[in-house]
Amino acid sequence: MGKKIILALGGNALGESLAEQMAAVQTSSNAIADLIEQGHELVITHGNGPQVGMIEVAFEAASKTSVHSPILPMSVCVALSQGYIGYDLQNALRETLLSRGIEKPVVTLITQVVVDADDPAFADPSKPIGSFFTKEEADAMIAKGAHMKEDAGRGYRQVVASPKPVDVVEKETVQALLRAGQIAITVGGGGIPVTRHGNHLKGASAVVDKDWASAKLGELIDADLLIILTAVEKVAINFGKPNQQWLDRLSVEQAREYAAQGHFAKGSMLPKVEAALSFASSRPGRQALITKLTTAKDGIEGKTGTVIG
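Residues numbered from 1 in each chain as written. Predicted model: local features only at pLDDT ≥ 70, side-chain atom pairs only at ≥ 80, totals over all residues. Heavy atoms only, no water.

A. Geometry of the overall build of the protein chain. Across its full length, the protein chain carries nine helices and 17 strands. Relative to a compact globule of 309 residues, whose C-alpha radius of gyration would be 19 Å, the protein chain shows 20 Å and is just as compact. Each principal axis of the C-alpha atoms in the protein chain carries an extent, and together these give about 60 × 45 × 40 Å. Of the contacts formed within the protein chain by residues at least 6 apart in sequence, a portion of 73% connects residues at least 24 apart. Computing the positive centroid from 30 side-chain charges and the negative centroid from 34, the protein chain places the two 3 Å apart. (Helix = DSSP H or I, 4+ residues; strand = E, 2+ residues; numbered from the N terminus. Rg over C-alpha atoms; globule rule 2.2 N^0.38 Å. Contact = heavy atoms within 4.5 Å. Lys, Arg positive; Asp, Glu negative; His and termini not counted. Charge placed at Lys NZ, Arg CZ, Asp CG, Glu CD.)

B. Region of the structure containing the sheet that holds strand β2 (residues 41-46). A sheet is described by the order of its strands in space; here eight strands give the open sequence β3-β9-β2-β1-β12-β16-β17-β15, paired in mixed fashion. With one partner strand each, in any of the chains shown, β3 (106-108) and β15 (249-250) form the two edges of the open sheet. By the bridge criterion, two bridges tie β2 to strand β9 (residues 183-185) in an arrangement that is parallel. In the strand pairing of β9, V43 is matched with A184. (Pairing = 2+ DSSP bridges.)

C. Structural detail: the nonpolar core. Of all hydrophobic cores here, the largest spans 41 residues; its most connected members are L217, I221, F264, V273, I290 and I308. Counting only elements with at least two residues in this core, the list comes to β4 (112-115), α5 (171-179), α6 (210-220), β12 (225-229), β13 (235-237), α7 (252-260), α8 (269-280) and β16 (287-291). Ranked by residues supplied to this core, first place goes to α8 with eight residues. Among residues more than four places away in sequence, those in contact with I221 are K4, I6, V43, K171, V174, Q175 and L178. One finds L14, V25, A33 and L93 within the second-largest nonpolar core, a separate group that totals 30 residues. (Core = buried A, V, L, I, M, F, W, Y, C linked by side-chain atoms within 4.5 Å. Buried < 20%, exposed > 50% of the residue type's maximum accessible area, 1.4 Å probe, protein only.)

D. Looking closely at the packing of aromatic side chains. All chains considered together, the criterion is met by one aromatic pair. In this structure, K164 is placed above the aromatic ring of W212, and the distance from its NZ or CZ to the ring centre is 4.9 Å. (Phe/Tyr/Trp six-rings, centres within 6.5 Å; stacked < 30°, edge-to-face > 60°. Lys NZ or Arg CZ within 6 Å of the ring centre and 35° of its normal.)

Here it is as structure tokens:
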């Protein structure tokens, strides 16, 4: 029997530029189509690191030459990146499926992810975005409400918070698409970060980690499996050391213990393992798989990858 799967594409599945993205989505689409042919229900999520940075930098540059081109809020940059990435990905996947005789509609859903306005992350924004500024330019941006930090002697960069996801506004729409046999591309870039104020949703100056957002969505739509795709086939302890050990299966308790011991790097594998833990521990029987895009099919069959849960 097929599983209900959240498939979280990493940045390496999307490339670093327009041309790279066009090529990368073709490879991604073939791997995704393999899973659909296995009979699984898929919801696709993705990162947006290079893309949202490109959008943010472009509008920064435009703002310096034209008063009619303001610097866009981060929430708007994420929304733009969802449409841009989704456009390429949904078209490539649609074409791949049709070439295999599979008629399944694919749709990109502009998705908002609710964060807590009192999340401690807002008190100490630390996620750098965009280009570098001089001290004078940074002071001018601070006066307009931006948070700026000096970056290793290279200048100043805008920083935003990275709060944890609380809810996905369009979760019922994702469910409806699944019931209709359609494939949703959603919570792109971790979703557009918003805070709730009564009936109003206000864009937040933040970015939500896409693996955490994927885990939260999986929990909300009662998915069976979260697949987090990365650059390596399995998770390892003592990574890069002579006693490096690749891991096939971890219980929730084992994964927490290894994380507490500092085996996973904060900037790379740790947030993936933590998101996997969040999903796997949210209901008995749920599992998370961390592996490469090209080995996802084998991972589901238990042949490779690291399973948590």
